[in-house]
Amino acid sequence: MKYLAAAAVLAFPAAPGLAEDAFLLTSPDIAEGQQLDTQFVLNGFGCAGGNMSPTLEWSSAPTSTKSFVVTAYDPDAPTGSGWWHWVAFDIPANVTALPQGAGSAGGDMPGGTVQSRTDFGVPGFGGACPPAGEVHRYQFKVHALSVESLGLDENSSAALVGFLTGANTIATAKLTAVYSR
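Read on for a plain summary of the structure.

Quick notes on the rules
Residues numbered from 1 in each chain as written. Predicted model: local features only at pLDDT ≥ 70, side-chain atom pairs only at ≥ 80, totals over all residues. Heavy atoms only, no water. Phe/Tyr/Trp six-rings, centres within 6.5 Å; stacked < 30°, edge-to-face > 60°. Helix = DSSP H or I, 4+ residues; strand = E, 2+ residues; numbered from the N terminus. Buried < 20%, exposed > 50% of the residue type's maximum accessible area, 1.4 Å probe, protein only. Polar contact = N/O pair within 3.5 Å; in protein donor to acceptor, adjacent residues only side chain to side chain. Contact = heavy atoms within 4.5 Å. Pairing = 2+ DSSP bridges. Axes fitted to C-alpha atoms, helices over the stretch in contact; angles between N-to-C directions. Salt bridge = Lys/Arg side-chain N within 4 Å of Asp/Glu carboxyl O.

1. Re the packing of aromatic side chains
Okay, so step 1: Taken as a whole and assessed by the stated rule, the structure comprises six aromatic pairs.
Okay, so step 2: An aromatic cluster is present here, built from Phe23, Trp58 and Phe68 joined pairwise through their rings.

2. A word on the side chain of serine 156
Okay, so step 1: You can see serine 156 is positioned in the loop between strand S9 (135–145) and helix H2 (158–168).
Okay, so step 2: Residue class for serine 156 comes out buried when judged on its relative accessible area of 7%.
Okay, so step 3: A distance of 2.9 Å separates the side chain of serine 156 from the backbone oxygen of aspartate 153, its partner in a polar contact.
Okay, so step 4: Apart from the residues within four sequence positions on either side, serine 156 is in contact with Ser116, Arg117 and Val161.

3. Describing the sheet that holds strand S8 (residues 114–115)
Okay, so step 1: Spatial ordering of the open sheet is given by S8-S6-S5-S9-S10, a layout of five strands whose pairing is antiparallel. Where the open sheet ends on each side, the last strands, each with one partner, are S8 and strand S10 (169–180).
Okay, so step 2: Sheet topology note: the strand S5 (residues 67–74)/S9 ladder contains seven bridges and is antiparallel. In the strand pairing of S9, serine 67 is matched with leucine 145.
Okay, so step 3: Sheet strands touched by H2: S5, strand S6 (83–92), S9 and S10. Its angle to S10, the strand with the most contacts, is close to 135°.

4. Some details on the pattern of salt bridges
Okay, so step 1: One pass over the structure, following the stated rule, counts one salt bridge.
Okay, so step 2: Arginine 137 is the partner of aspartate 76 in a salt bridge, and the nearest nitrogen-oxygen pair spans 2.6 Å. Here aspartate 76, found in the loop between S5 and S6, pairs with arginine 137, found in strand S9; they are 61 residues apart in sequence, far enough to count as distant.
Okay, so step 3: Classification of aspartate 76 as partly exposed rests on a relative accessible area of 24%.
Okay, so step 4: With relative accessibility at 39%, the residue arginine 137 sits in the partly exposed group.

Have a look at this one:
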């Protein structure tokens, strides 16, 4: 019986999320499970924030990565389908961070990156703004892809980007913050 256990360990290595060099998303601006600062809140829809995209940094992406996709999504929005706050794709494989404000109006995204329509109807980052009295989660994700380009443009819907991202993802890292007003 002890040989079966040893064989199982050899046949099934540790889960990808448990490796020391696991794909990881971090930020000096936001923390897992913590309230977003007002600078990352929408300036509109009754909210008065800075509408600034946070700094995102990632490490230990798979060596076969050819590009990245970055998204910000609120699964708690009262729409029946959540709310896409940020969709950026075709981020070059040599990029490992986006500085604060990169996805905001006038921001400086890496060359070749495409920001497409969010649920606000325009490309670029749109900050948090849940209905008053509700706590919403904001999931920031970076996907490592097996392709250099999704072949889409800034008019692409978040659903279409999500479909092609899912079809080409080799690893995903996530950081979830919350916000309430």
